[in-house]
Amino acid sequence: MTAGGTLIRELREAQGLNQNTLAMACGVDRSLISYIEAGKRTPSDTLLTGLADLLKADLDELAVGCNLVPPDLRDRLATDIEAVRLVRSVLPSIRKGEG
C-alpha cells in the first residue's frame, strides 16, 4: 500500500464513504479505487485532482503519496508540505493577535 493509497482510504472512511460511492462520484469503477488504495494502481492526474477535491485533501500530499512526483522533488515537496501545515496551524493564532 502506498502512502497516497492509505491516505485516500483514511479520508474516504473519515467521510463515511464506501469505495463504490467515491468511485461513482469520480466517474470510475469501484475496482480502480480499490487498486489505488491498495497501491496497485496509480491515479491519473485528473482522477487525483477529483479525489483531492471530493475528499477535501491536499493535492500535493496525494501526488507525493501516490508517487506522481519525480523522486528528486519528493523530499523537497514533502518539506514544503510540512511548512504549509505549520503555517496553517499557526495562522489562527496570528489572526487573533496571539503570535
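If you're wondering where the values come from, they're calculated on a predicted model, not measured in any experiment.

## Side note on unusual backbone geometry
Moving on, step 1. Phi at Lys56 is positive, roughly 55 degrees, even though this residue is not glycine.
Moving on, step 2. Position of Lys56 relative to the elements: it lies in the loop between α4 (45–55) and α5 (59–65).
Moving on, step 3. Lys56 gets classed as exposed once you look at its relative accessible area, which sits at 70%.

## Remarks on the pattern of salt bridges
Moving on, step 1. Overall, the coordinates contain 3 salt bridges when judged by the stated rule.
Moving on, step 2. Two residues, Arg12 and Glu13, come together in a salt bridge whose shortest N-O distance is 3.9 Å.
Moving on, step 3. We classify Arg12 as buried; its relative accessible area is 7%.
Moving on, step 4. Put simply, Arg9, Arg12, Glu13 and Glu37 are held in one network by salt bridges that share partners.

## A few points about the environment of Tyr35
Moving on, step 1. In this structure, Tyr35 sits in helix α3 (residues 30–37).
Moving on, step 2. Look at Tyr35 and you get partly exposed, because its relative accessible area is 40%.
Moving on, step 3. Sequence separation between Tyr35 and Gly5 is 30 residues; the distance between their C-alpha atoms is 8.5 Å.
Moving on, step 4. If we skip the residues at most four places from it in the chain, Tyr35 touches Lys40 and Arg41.

## Quick notes on α4
Moving on, step 1. For α4, the set of buried residues is Leu47, Leu48, Leu51, Ala52 and Leu55. One face of α4 carries all of its buried residues, which in axial projection span an arc of 135 degrees. Set apart from the buried face of α4 by more than 90 degrees, the exposed residues are Asp45, Thr46 and Asp53.
Moving on, step 2. Summarising the contacts, the buried residues of α4 are in contact with α1 (3–14), α2 (19–26), α3 and α5.
Moving on, step 3. Remark: Lys56 follows α4 within two positions and exhibits a positive phi of approximately 55 degrees.

## Let's talk about the environment of Glu61
Moving on, step 1. Mapped onto the elements, Glu61 comes out in helix α5.
Moving on, step 2. The spacing of Glu61 and Glu82 is 21 residues in sequence and 9.6 Å in space, taken between C-alpha atoms.

## Looking at the nonpolar core
Moving on, step 1. If you look at the biggest cluster of nonpolar residues, it comprises 18 residues, and the most contacted ones within it are Ile8, Leu22, Leu51 and Leu62.
Moving on, step 2. If you list the elements that add at least two residues to this core, you get α1, α2, α3, α4 and α5.
Moving on, step 3. Here the element with the most residues in this core is α4; it accounts for 5 residues.
Moving on, step 4. Excluding residues within four positions of it along the chain, Leu62 makes contact with Gly4, Leu7, Ile8, Leu48, Ala52 and Ala57.

## Digging into the side chain of Arg12
Moving on, step 1. In this fold, Arg12 is placed in helix α1.
Moving on, step 2. Among the polar contacts listed, one links the side chain of Arg12 to the side chain of Glu37, at a separation of 2.6 Å.

Reading the values: rules and limits
Residues numbered from 1 in each chain as written. Predicted model: local features only at pLDDT ≥ 70, side-chain atom pairs only at ≥ 80, totals over all residues. Heavy atoms only, no water. Helix = DSSP H or I, 4+ residues; strand = E, 2+ residues; numbered from the N terminus. Buried < 20%, exposed > 50% of the residue type's maximum accessible area, 1.4 Å probe, protein only. Salt bridge = Lys/Arg side-chain N within 4 Å of Asp/Glu carboxyl O. Contact = heavy atoms within 4.5 Å. Arc of directions from axis to C-beta. Core = buried A, V, L, I, M, F, W, Y, C linked by side-chain atoms within 4.5 Å. Polar contact = N/O pair within 3.5 Å; in protein donor to acceptor, adjacent residues only side chain to side chain.

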